[in-house]
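Now for the letters of each chain:
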Amino acid sequence: MGAKSKYRGLVAADIDGLVAQKTGTRRYDFENFVPVDEVIHKINRLYRRGYVIIYYTARPVEYYKETFDWLIQHNCEFHALRMGKMRADYYLDDHNENIDNLLEKER
């Protein structure tokens, strides 16, 4: 975060089903995950507005490096990656908080 950034809260953003859509049949075949660019762009906006972004996933810990590399490759801006659910102010996934509602709180 830049010097002018103001901490606005901790956002836990799920990977699968939110920023990555699986197109293949193998569960952790990273070549078959397609980025959801619109959602990545919105989460990056939250990052730049002062939210702390931590991506989390239920994937096994042995997939940490491949998961981290996938996020970097697809221009995801974030502070950390966590394998497993975590405590946060906001959860963004395919079942909870709507990212547009969170962005609207900033207007």
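Shown above is the structure to which this text applies.
Conventions adopted
Residues numbered from 1 in each chain as written. Predicted model: local features only at pLDDT ≥ 70, side-chain atom pairs only at ≥ 80, totals over all residues. Heavy atoms only, no water. Pairing = 2+ DSSP bridges. Helix = DSSP H or I, 4+ residues; strand = E, 2+ residues; numbered from the N terminus. Axes fitted to C-alpha atoms, helices over the stretch in contact; angles between N-to-C directions. Contact = heavy atoms within 4.5 Å. 1 Å grid on protein atoms, 1.4 Å probe; cavity = no way out; pocket = protein on both sides within 12 Å on 5 of 7 lines; lining within 4 Å. Points joined across faces, edges and corners; volume = space filled by probe spheres on them. Nonpolar A, V, L, I, M, F, W, Y, C, P; charged D, E, K, R; others polar. Salt bridge = Lys/Arg side-chain N within 4 Å of Asp/Glu carboxyl O. Buried < 20%, exposed > 50% of the residue type's maximum accessible area, 1.4 Å probe, protein only.

Engineer: Requested: an account of the sheet that holds strand 1 (residues 9-14), with residues and values cited.
Structural biologist: In spatial order, the strands read 5-4-1-6; together these four strands make up an open sheet with parallel pairing. Both outer strands of the open sheet, strand 5 (80-83) and strand 6 (90-92), are each paired with one neighbouring strand and no more. Direction aside, neighbouring strands of the sheet carry axes that sit 25° apart on average. In this sheet, strand 4 (residues 51-57) lies alongside strand 1 in parallel orientation, the contact comprising six bridges. Of the residues in strand 4, the one forming a bridge with L10 is V52. Along the sheet, helix 1 (residues 37-48) contacts strand 1, strand 4 and strand 6; its crossing angle with strand 4, the most-contacted strand, is approximately 140°. Set on the sheet, helix 2 (residues 64-73) makes contact with strand 4 and strand 5; between it and strand 5 the angle comes to about 145°.

Engineer: Any details on the layout of surface pockets? Residues and values, ideally.
Structural biologist: Approximately 240 Å³ is the volume found for the largest pocket. In terms of lining residues, the largest pocket is bounded by 15 residues, among which D16, R27, T57, A58 and R59 are the most central. Every element with two or more residues in the lining of the largest pocket is listed here: strand 2 (20-22) and strand 4. For the lining of the largest pocket, the element with the most residues is strand 2, which contributes three residues. In terms of residue class, the lining of the largest pocket is built from five nonpolar, four polar and six charged.

Engineer: Go over the pattern of salt bridges with me, naming the residues and quoting the values.
Structural biologist: Inspection of every chain in the model, using the stated rule, returns four salt bridges. Residue D16 pairs with R59 through a salt bridge whose shortest N-O separation is 2.5 Å. Taken together, the positions of D16 in the loop between strand 1 and strand 2 and R59 in the loop between strand 4 and helix 2 put the pair 43 residues apart, joining distant regions of the chain. Taking relative accessible area as the criterion, D16 reaches 25% and is therefore assigned partly exposed. When its relative accessible area of 4% is taken as the criterion, R59 is described as buried. One salt bridge in this structure joins D69 and K65, with 2.6 Å as the shortest N-O distance. Taken together, the residues D69 and K65, both in helix 2 and four residues apart, mark about one turn of the helix. In this structure K65 comes out as exposed when scored by relative accessible area, which is 56%.

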